[in-house]
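# Coordinate inspection notes
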Amino acid sequence: MNLANKLTVFRVFCIPVFVAAMMITAIPYNYYIALAIFIIASFTDLLDGKIARKRNLITNFGKFMDPLADKLLVSAALICLTPDMIPAWIVIIIISRELFISGFRILAADQGIVLAAGWWGKFKTAFSMMMIVVLIINIPLMNEILDVIGWVLIWISLALTIISMIEYISKNIKVLKN
């Protein structure tokens, strides 16, 4: 297993640690610990892609697992932030898109097609991760400015979720036709 793929696997292993830190309020500074874990895990997303492209380590495992690891990390964070920071209906739309795209990838893989993430999906992931960071920071602070920034990022993330799903389906419609 190459370094880029190891970083992807590391990101998956960060998820239960992140969730525990978010949910166990008896841990002192639990939100800050969760924030640090989330930032480190999110940074590995940027890092594994750069390493894979620079060292020509792009694999089918990475094409499949990297976006899946992102989906798992973001979905876990969204669930942890529901309903106190994000309304459930928004979380349901975002996670539904993630499940739909994952199913779409499985269908494509069954046809021998590996679908890489598109740019809109990458923007969606980046904005979702920024949104989650702002919302986690705001939990203990309850700062009005962070609240406004958080809501702006929530709406941008929701819009990018919808746009990226439309783009993904339209670029890969042949998978549904088979």
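Look up a bit, the structure's there.
The following refers to the structure shown. Keep in mind that what you see is a predicted model, and the values were worked out from it rather than measured. (Residues numbered from 1 in each chain as written. Predicted model: local features only at pLDDT ≥ 70, side-chain atom pairs only at ≥ 80, totals over all residues. Heavy atoms only, no water.)

So, about the overall build of the protein. If you tally the helices and strands in the protein, you get seven helices and zero strands. Along the chain direction, N to C, the helices and strands of the protein fall in the order α-α-α-α-α-α-α. Computed over its C-alpha atoms, the radius of gyration of the protein comes to 17 Å, within 12% of the 16 Å expected for a compact globule of 178 residues. Principal-axis analysis of the C-alpha atoms places the extent of the protein at approximately 50 × 35 × 25 Å. Residues classed as buried in the protein amount to 45% of the 178 residues present. A separation threshold of at least 6 residues defines the contact pool for the protein, and within that pool the share at least 24 residues apart is 76%. (Helix = DSSP H or I, 4+ residues; strand = E, 2+ residues; numbered from the N terminus. Rg over C-alpha atoms; globule rule 2.2 N^0.38 Å. Buried < 20%, exposed > 50% of the residue type's maximum accessible area, 1.4 Å probe, protein only. Contact = heavy atoms within 4.5 Å.)

Time to look at the pattern of salt bridges. Within the structure shown, the criterion is met by eight salt bridges. Across the salt bridge formed by D66 and R11, the nearest N and O atoms sit 2.4 Å from each other. Here R11 lies in helix α1 (residues 3-23) and D66 lies in helix α3 (residues 60-80), a separation of 55 residues in the sequence. Residue D66 is classed as buried on the basis of its relative accessible area, which comes to 19%. Two residues, K124 and E98, come together in a salt bridge whose shortest N-O distance is 2.8 Å. Taken together, the residues span a long stretch of sequence, with K124 in helix α5 (residues 119-141) and E98 in helix α4 (residues 88-110) at a distance of 26 residues. E98 matches K124 in its accessibility class, with the two residues each being buried. (Salt bridge = Lys/Arg side-chain N within 4 Å of Asp/Glu carboxyl O.)

Buried together is how nonpolar side chains tend to be arranged in soluble globular proteins. F18, L78, L81, I86 and I132 are the most contacted members of the largest nonpolar core, which totals 35 residues. Of all the secondary-structure elements, those providing two or more residues to this core are α1, α2 (30-54), α3, α4, α5 and α6 (144-171). It is α5 that contributes the most residues to this core, eight residues altogether. Ignoring any residue separated from it by four or fewer positions in sequence, one finds I132 in contact with F38, V74, A77, L78 and L81. Ranked by size, the runner-up nonpolar core spans six residues in total, among them I101, L115, Y168 and V175. (Core = buried A, V, L, I, M, F, W, Y, C linked by side-chain atoms within 4.5 Å.)

Our next topic: the packing of α1 against α3. Following both chains from N to C, one finds α1 and α3 inclined at 10 degrees, their axes separated by 9 Å at the closest point. Regarding the angle of α1 to α3, the classification is roughly parallel. Along the contact surface, α1 presents N5, T8, V9, R11, V12, I15, F18, V19, M22 and M23, while α3 presents F61, G62, M65, D66, A69, D70, L72, L73, A76, A77 and C80. Its residues assigned to classes, the contact of α1 with α3 comprises 15 nonpolar, three polar and three charged. (Axes fitted to C-alpha atoms, helices over the stretch in contact; angles between N-to-C directions. Parallel < 35°, antiparallel > 145°, perpendicular 65-115°, else oblique. Nonpolar A, V, L, I, M, F, W, Y, C, P; charged D, E, K, R; others polar.)

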